[in-house]
Amino acid sequence: MSGVKLLRAKLHQVRVTHSQRDYIGSIAVDLDLMEHVGMLPLEEVDIVNLENGHRWSTYLLPAARGSSRICPNGGGAMLCEPGDRLIIFSYAVLRSSELSSRPHVARVLVSDADNRLQTLFEQVLEPHAGGLRYSVRGRRGELPDQPDLLLGADTPLRCEPQ
C-alpha cells in the first residue's frame, strides 16, 4: 500500500507567550486556535521557530479557550523565547487511492501579533482529469499575497497519485 504524507493543518506565525522548561514535554495551544484548523489534543505536530530556525516535534495540549496561550514545554522551551513566531504543522497520511477519489483539504490559520485569527483559508488538492488540481479557498480574512501560494485559480498538476 502506497501512501503520502500531506499537510492537514497549520498555525502560522503564532507567538510564544510563555515557556516551561520543567514540564514533561509538549506545547500548550489556545483551544480556539486548535479548533479553527481541526487540531486535536495529543496530536503530533512539527514546529518551526521563525526567529532562529529551530525545528522540533512534540504533541499538543489544549490551553484555556480564548487565552491566546502558546507555551512550549520541556526541551521545546529551550528552543524559543516569549515573542518568537512559530509555525505549528500537523499532517495526514493518505493512501494514494484516497487522493484519486476525494479532495484533501489543509486548513491554515495566520495569526496576528496577539495570537488571534487574522486569516483562515484552505489549501485543496483534488482529483482532476486523471491527475490532481491544487487550489486555495478563502474562508475568513484576506488571503496572503504570495504568488507561489496561490498559483492562479485551479492550478492543474502534472502528476498522478501513485
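Just so we're clear, the structure is a prediction, and the values are computed from it rather than from any experiment.

What counts and what doesn't
- Residues numbered from 1 in each chain as written.
- Predicted model: local features only at pLDDT ≥ 70, side-chain atom pairs only at ≥ 80, totals over all residues.
- Heavy atoms only, no water.
- UniProt positions renumbered as here; feature names shortened; annotations may be inferred.
- Helix = DSSP H or I, 4+ residues; strand = E, 2+ residues; numbered from the N terminus.
- Buried < 20%, exposed > 50% of the residue type's maximum accessible area, 1.4 Å probe, protein only.
- Contact = heavy atoms within 4.5 Å.
- Salt bridge = Lys/Arg side-chain N within 4 Å of Asp/Glu carboxyl O.
- Core = buried A, V, L, I, M, F, W, Y, C linked by side-chain atoms within 4.5 Å.
- Pairing = 2+ DSSP bridges.
- Disulfide = S-S within 2.5 Å.
- Phe/Tyr/Trp six-rings, centres within 6.5 Å; stacked < 30°, edge-to-face > 60°.
- Lys NZ or Arg CZ within 6 Å of the ring centre and 35° of its normal.
- Polar contact = N/O pair within 3.5 Å; in protein donor to acceptor, adjacent residues only side chain to side chain.

1. Quick notes on the UniProt feature "modified residue: Pyruvic acid (Ser)" (unreviewed entry) in the chain
UniProt marks Ser 26 with the feature "modified residue: Pyruvic acid (Ser)" (unreviewed entry), using the numbering shown here. The topology assignment puts Ser 26 in the loop between strand E1 (3-15) and strand E2 (27-30). When its relative accessible area of 1% is taken as the criterion, Ser 26 is described as buried. Excluding residues that lie within four positions of it along the chain, Ser 26 makes contacts with Thr 58, Tyr 59, Leu 61, Cys 71, Pro 72 and Asn 73.

2. Observations regarding the pattern of salt bridges
This model, assessed by the stated rule, comprises eight salt bridges. Glu 98 is paired through a salt bridge with Arg 102; the nearest N and O atoms lie 2.5 Å apart. Residue Glu 98 is classed as buried on the basis of its relative accessible area, which comes to 15%. The exposure class assigned to Arg 102 is partly exposed, which follows from its relative accessible area of 40%. Several salt bridges share partner residues, and in doing so they unite Asp 32, Glu 35 and Arg 65 into one network.

3. Quick look at the nonpolar core
The tendency in soluble globular proteins is for nonpolar side chains to be buried as a group. Formed by 21 residues in total, the largest nonpolar core has its most connected members in Leu 11, Ile 27, Val 29, Met 39, Leu 60, Leu 86 and Ile 88. When residues of this core are assigned to their parent elements, the largest contribution, four residues, is made by helix H1 (residues 31-37). Sequence-distant contacts of Leu 86, that is, excluding residues within four places in its chain, are made with Leu 11, His 12, Gln 13, Val 14, Val 16, Ile 27, Ile 47, Val 48, Asn 49, Trp 56, Ile 70 and Pro 72. Counting residues in hydrophobic clusters, the runner-up holds eleven residues, among them Ala 92, Val 110, Phe 121 and Tyr 134.

4. Focus on the pairing of strand E3 (residues 44-49)
In terms of residue burial, E3 counts as a mostly covered element, since five of its six residues are buried. Judged from the five bridges that link them, E3 and strand E4 (residues 55-63) form a sheet pairing that is antiparallel. When the sheet's bridge partners are listed, Glu 44 is paired in E4 with Tyr 59. Hairpin connection of E3 to E4: five residues between the antiparallel strands, including Gly 53 at a positive phi of 80°.

5. Observations regarding the state of the cysteines
Within this structure, the stated rule accounts for zero disulfides. Free cysteine: Cys 71, not disulfide-bonded; nearest cysteine sulfur from Cys 80 at 8.6 Å. Classification of Cys 80 as buried rests on a relative accessible area of 6%.

6. Some points on the environment of Lys 10
With respect to the helices, strands and loops of the structure, Lys 10 is situated in strand E1. Overall, Lys 10 belongs to the buried group, its relative accessible area being 16%. In this structure the C-alpha to C-alpha distance between Lys 10 and Ile 87, which are 77 residues apart in sequence, comes to 7.0 Å. Filtering out sequence-adjacent residues up to four positions away, Lys 10 remains in contact with Val 37, Met 39, Ile 87, Ile 88, Phe 89, Arg 107, Val 108 and Leu 109.

7. Focus on the packing of aromatic side chains
When we look at a pair of aromatic rings, we describe it by the centre distance and by the angle of the planes. Summed over the entire model, instances satisfying the criterion amount to one aromatic pair. Relative to Tyr 91, the ring of Phe 89 has its centre 6.3 Å away and its plane inclined at 15°; by these criteria the two rings are stacked. Look at Tyr 91 and you get partly exposed, because its relative accessible area is 29%. Lying across the ring of Tyr 91, Lys 5 places its NZ or CZ 4.8 Å from the centre.

8. Some words on the side chain of Glu 43
Along the polypeptide, Glu 43 turns up in the loop between H1 and E3. Residue classification places Glu 43 among the buried positions, given a relative accessible area of 13%. A polar atom in the side chain of Glu 43 sits 2.6 Å from the side chain of Arg 8. A polar side-chain atom of Glu 43 sits 2.8 Å from the main-chain amide nitrogen of Leu 40.

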